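The primary structure of each chain is shown beneath.
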Amino acid sequence: MAPRDYIVNGAKIWTTGAHNADKIFCLVRTSNEGKRQEGISFLLFDMNLPGITVEPILMFSGDHELNQVFFDDVRVPKVNRIGDENQGWTVAKYLLEFERGGIAYTPPVKAGLRRLVDISRSAAGGNGKTLADDADFRRQLAALEIGVMANEFTEKRVMSALSQGQNPGSASSMFKLRGSELLQGMLELTMNAIGGHAAVYQPEAFIPGNNVDPIAPAHGVVATSKYFNQRAATIYAGSSEIQRTIIAKHVLGL
Ligand SMILES: Cc1cc2nc3c(=O)[nH]c(=O)nc-3n(C[C@H](O)[C@H](O)[C@H](O)COP(=O)(O)OP(=O)(O)OC[C@H]3O[C@@H](n4cnc5c(N)ncnc54)[C@H](O)[C@@H]3O)c2cc1C
């Protein structure tokens, strides 16, 4: 009789939210034959199975979002396999479209740019003027705003397709690539605008519900943490290089 369970051993690093999750999906190697992508199966199972350990990975930004999950002889029933055995990469590619295509980058970047305009009206820009009067700052701000507007059209096209039950398709790689770059650009310009106030050290101000008065402009308290956190935006959900390859192959047909 064919075995009914898989015995999973190994580790899954960079698992966002594993410390809060009650289920996990894993791509596990079930065969060494054929191309590397062919011997992989897709399992979806409970986090409370015996043999699963979650170790936190603390980020440079001070956040705890990431973890490494270890699997020691974890017995996963075959019924928990999604798709056919050794066809897990096909399932994963389908899901990845939705991981990239299900996030809209434009709203947080737009909100960040609005905040940046406010900051620039009070930040010193040299010669007794504010940063808002600085031609170079205005040029960088305008470039980001134009980029956001262009990206928003692609995002809305994909969201509209999703709302009609269609798939995001390769266009999701375009807005993941541009959206993550714009997000980083906005946070970088914010750091430049805030200057020395971006390095405020006031950990108690991070505590939800705290009522301490910020020791510098309030936006400075979280600026550095956000900046460092989003350095990962061009890596997670597939790095920028991988998105460019997808666009080259599947959008431009190169
Ligand atoms: C904050 C964060 C959260 C994450 N959350 C999750 C999660 O919840 N679940 C999960 O499964 N994973 C998660 N990841 C993992 C993430 O998907 C991978 O880190 C990412 O896809 C890059 O893969 P890698 O780390 O193996 O790098 P590698 O593939 O080793 O890449 C290293 C470098 O080589 C480049 N490179 C690799 N292959 C090519 C190629 N063919 N052509 C050109 N350049 C190439 C990459 O662009 C990169 O610069 C997370 C990562 C981060 C940073």
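Scroll up to find the structure this text is about.
Residues numbered from 1 in each chain as written. Predicted model: local features only at pLDDT ≥ 70, side-chain atom pairs only at ≥ 80, totals over all residues. Heavy atoms only, no water.

Draft legend 1. Spatial organisation of the layout of surface pockets. The volume enclosed by the largest pocket comes to roughly 1500 Å³. Taken together, 43 residues line the largest pocket, and the ones lying closest to its centre are Lys 12, Ile 13, Trp 14, Thr 15 and Glu 99. Contributions of two or more residues to the lining of the largest pocket are made by strand E1 (5–12), strand E2 (23–29), strand E5 (66–77) and helix H1 (88–101). Looking at side-chain class alone, the lining of the largest pocket contains 29 nonpolar, 9 polar and 5 charged residues. Residue contributions to the lining of the largest pocket reach at least three from each of two domains, namely domain 1 (5–86) and domain 2 (97–251). The computed volume of the second largest pocket comes to approximately 630 Å³. Around the second largest pocket, the lining is made up of 23 residues, and of these Trp 89, Lys 93, Arg 100, Ile 246 and His 250 lie nearest the centre. (1 Å grid on protein atoms, 1.4 Å probe; cavity = no way out; pocket = protein on both sides within 12 Å on 5 of 7 lines; lining within 4 Å. Points joined across faces, edges and corners; volume = space filled by probe spheres on them. Helix = DSSP H or I, 4+ residues; strand = E, 2+ residues; numbered from the N terminus. Nonpolar A, V, L, I, M, F, W, Y, C, P; charged D, E, K, R; others polar. Domains from an automatic or database assignment.)

Draft legend 2. Representation of the packing of helix H3 (residues 135–163) against helix H4 (residues 171–194) within the structure. Across the interface, H3 lies against H4 with an axial gap of 9 Å and an inter-helix angle of 155°. The angle between the axes of H3 and H4 places the two elements in the roughly antiparallel class. In the packing of H3 onto H4, the handedness of the crossing is left-handed. Counting all contacts with H3, which are made through Phe 137, Gln 140, Leu 141, Leu 144, Gly 147, Val 148, Asn 151, Thr 154, Glu 155, Arg 157, Val 158 and Met 159, the residues of H4 involved are Ala 171, Met 174, Phe 175, Arg 178, Gly 179, Leu 182, Gly 185, Met 186, Leu 189 and Ala 193. (Axes fitted to C-alpha atoms, helices over the stretch in contact; angles between N-to-C directions. Parallel < 35°, antiparallel > 145°, perpendicular 65-115°, else oblique. Left-handed = near helix turned anticlockwise from the far one by under 90°. Contact = heavy atoms within 4.5 Å.)

Draft legend 3. Geometry of the site of the ligand. Among the 13 residues in the neighbourhood of the ligand, the closest are listed as Trp 14, Thr 16, Leu 66, Ser 239 and Glu 241. Between Thr 16 and the ligand, the recorded distance is 2.7 Å, taken from a side-chain N or O atom to a nitrogen atom. Within the side chain of Glu 241, an N or O atom sits 2.6 Å from an oxygen atom of the ligand. Notes on the ligand: free accessible area 970 Å², of which the protein chains cover 48%. Two domains each donate at least three residues to the shell around the ligand, and these are domain 1 (5–86) and domain 2 (97–251). (Near = heavy atom within 4 Å. Polar contact = N/O pair within 3.5 Å; in protein donor to acceptor, adjacent residues only side chain to side chain. Areas by Shrake-Rupley, 256 points an atom, 1.4 Å probe, with all protein chains shown as cover.)

Draft legend 4. The arrangement of the sheet that holds strand E3 (residues 40–46) in detail. If you walk across this open sheet you meet the 3 strands as E2-E3-E6, and the pairing is antiparallel. Strand pairing shows two members of the sheet lacking a second neighbour, E2 and strand E6 (81–82), which therefore form its edges. Of the strands in this sheet, E2, E3 and E6 touch H1, which is tilted by about 65° from E3. (Pairing = 2+ DSSP bridges.)

Draft legend 5. Unusual backbone geometry, seen in detail. The backbone of Trp 14 sits at a positive phi, close to 60°, despite the residue not being glycine. Examined against the element boundaries, Trp 14 turns out to sit in the loop between E1 and E2. In this model, Ala 237 sits at a positive phi of 60°, which is unusual for a non-glycine residue. On the basis of relative accessibility, which here comes to 11%, the residue Ala 237 falls in the buried class. (Buried < 20%, exposed > 50% of the residue type's maximum accessible area, 1.4 Å probe, protein only.)

Draft legend 6. Structural context of the pairing of E5. Bridging between E1 and E5 involves 7 bridges; their strand directions are antiparallel. By the bridge assignment, Ile 7 is partnered in E5 with Arg 75. With 6 bridges connecting them, strand E4 (residues 52–57) and E5 associate as antiparallel partners. Across the sheet, the residue bridging to Thr 53 is Phe 70, located in E5.

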